[in-house]
Amino acid sequence: MNASARLRRLPVIGAVAAGAVLLLAVPASAHVSVQPGTAEKGGYSTIAFKVPNEKDNASTVKLEVTLDPKHPLASVMPQPVPGWEVKVEKAKLDKPLQMHGKTIEEAVSKITWTGGKIEPGQFQQFPLSVGKLPDDADELVFKALQTYSDDDVVRWIDPSKPGGGEAEHPAPTLKLVAKGAAAGKGGDHHDDDKTSGKKDADGKTESASAASDKGDGGSDTTARVLGVVGIVVGAAGVAFGLIAGRRRSA
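Residues numbered from 1 in each chain as written. Predicted model: local features only at pLDDT ≥ 70, side-chain atom pairs only at ≥ 80, totals over all residues. Heavy atoms only, no water.

(A) Quick look at the pairing of strand β10 (residues 143-148). Extensive coverage of β10 is indicated by the burial of five of its six residues. As paired strands, strand β4 (residues 60-66) and β10 are joined by six bridges and run antiparallel to one another. Paired with Leu63 across the two strands is Gln146, which belongs to β10. Bridging between β10 and strand β11 (residues 153-156) involves four bridges; their strand directions are antiparallel. (Buried < 20%, exposed > 50% of the residue type's maximum accessible area, 1.4 Å probe, protein only. Helix = DSSP H or I, 4+ residues; strand = E, 2+ residues; numbered from the N terminus. Pairing = 2+ DSSP bridges.)

Shown next, in the form of structure tokens:
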């Protein structure tokens, strides 16, 4: 290949490089998910449903979460979310549960958050204290309906595909592991739900949802930085190609 041909191809190479960096920078998905994604079997945990807004011209105004009917939980307590109202629905159990010496004949079946807004480009977390988690299951599958201000409803209810492939609208799933395996990943004691969390640089305790927010913020920052780098690389390639072409013509 002669020098002229190589110079003409430089802008294309720069654009391809920029596109590749941008593809790496964009998160693989922005689904409704459970944070953290792992908890200990037979214990209590504080989890949160992370709801990103995937639209540019509408806000998320409602979230409905249906709990796994195969594995009812005796204790489900939502944490107040500023600006949002929460409604908890219960259903009678076919098989009563035993908890702390008491017989539980009904359990929470559905939780709905309304009244607030998740604007474009933002996300919100909806925390729950749940337990006692089942000993005889490897996961809890929730079904979530996300309603937008334009009346569009996204149904996050698809089961995982065989072989580990991701569904188009995967249902939020909490993986359950043996005791001790989920240390630092959301497992806690029932009596510590209100005080669970980790300490920041100043020694102050923050909630699990706030700590997760910081981690997500770091990932988002990295993605933005990589995106900017990709754009700069592409622009540099295009500019260099144009300058070299003009010099060649002269």
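(B) Inspection of the environment of Gly83 at higher detail. Its location among the elements puts Gly83 in the loop between β5 (75-78) and β6 (85-99). In this structure, the C-alpha to C-alpha distance between Gly83 and Trp113, residues 30 residues apart in sequence, is 9.9 Å. Contact partners of Gly83, with chain neighbours within four places excluded, come to Thr114, Gly115 and Gly116. (Contact = heavy atoms within 4.5 Å.)

(C) Seen up close, the nonpolar core. Membership of the largest hydrophobic core comes to 31 residues, with the highest contact counts inside it found for Trp113, Phe142 and Leu174. Top element by residues in this core is strand β7 (residues 102-118). It accounts for four residues. In this structure Trp113 touches Val61, Lys62, Leu63, Val65, Val81, Trp84, Glu85, Val86, Phe126 and Leu128, once residues within four positions along its chain are discounted. (Core = buried A, V, L, I, M, F, W, Y, C linked by side-chain atoms within 4.5 Å.)

(D) Structural detail: unusual backbone geometry. Between Gln35 and the following residue, Pro36, the backbone shows a cis peptide bond with an omega angle of -10°. Among the structural elements, Pro36 can be located in the loop between β1 (33-35) and β2 (38-40). Cis rather than trans, the peptide bond between Gly131 and Lys132 has omega equal to -15°. Locating Lys132 in the fold gives a position in the loop between β8 (123-131) and β9 (139-141). At Asp151, a position not held by glycine, the phi torsion is positive, near 75°. Its place among the elements puts Asp151 in the loop between β10 and β11.

(E) Region of interest: the sheet that holds β7. In spatial order, the strands read β6-β7-β4-β10-β11; together these five strands make up an open sheet with antiparallel pairing. The strands lining the two open edges of the sheet, one partner per strand, are β6 and β11. Ignoring which end each strand starts from, the neighbouring axes of this sheet average 15° apart. (Axes fitted to C-alpha atoms, helices over the stretch in contact; angles between N-to-C directions.)

(F) The pattern of salt bridges, seen in detail. Summed over all chains, the structure comprises seven salt bridges. The shortest N-O distance in the salt bridge between Lys55 and Asp150 comes to 2.7 Å. Highlighted residues: Lys55 in the loop between β3 (44-52) and β4 and Asp150 in the loop between β10 and β11, separated in sequence by 95 residues. Lys55 gets classed as buried once you look at its relative accessible area, which sits at 18%. Overall, Asp150 belongs to the partly exposed group, its relative accessible area being 39%. Between Lys110 and Glu64 there is a salt bridge whose closest N-O contact spans 3.1 Å. Placement of the pair is Lys110 in strand β7 and Glu64 in strand β4, with a sequence separation of 46 residues. Look at Glu64 and you get buried, because its relative accessible area is 13%. (Salt bridge = Lys/Arg side-chain N within 4 Å of Asp/Glu carboxyl O.)

(G) Representation of the side chain of His31 within the structure. Within the fold, His31 resides in the loop between α1 (3-25) and β1. Apart from the residues lying within four places of it in its own chain, the contact partners of His31 are Lys50, Pro52, Glu54, Trp156, Glu166, Glu168 and Pro170.

(H) The arrangement of the sheet that holds β2 in detail. The strand order β2-β12-β9 describes an open sheet built from three strands, whose pairing is mixed. On the outer flanks of this sheet lie β2 and β9, each paired with one strand and no other. The mean angle between the axes of side-by-side strands here comes to 30°, regardless of whether they run parallel or antiparallel. Pairing of β2 with strand β12 (residues 173-177), which is carried by three bridges, proceeds in the parallel orientation. Among the inter-strand pairings, Thr38 is bridged to a residue of β12, identified as Lys175.

(I) Focus on the environment of Val81. Along the chain, the position of Val81 falls in the loop between β5 and β6. Accessibility expressed as a relative area gives 7% for Val81, which makes it buried. In sequence terms Val81 and Pro127 are 46 residues apart; their C-alpha atoms lie 8.1 Å from each other. Contact partners of Val81, with chain neighbours within four places excluded, come to Trp113, Gln124, Gln125, Phe126 and Pro127.

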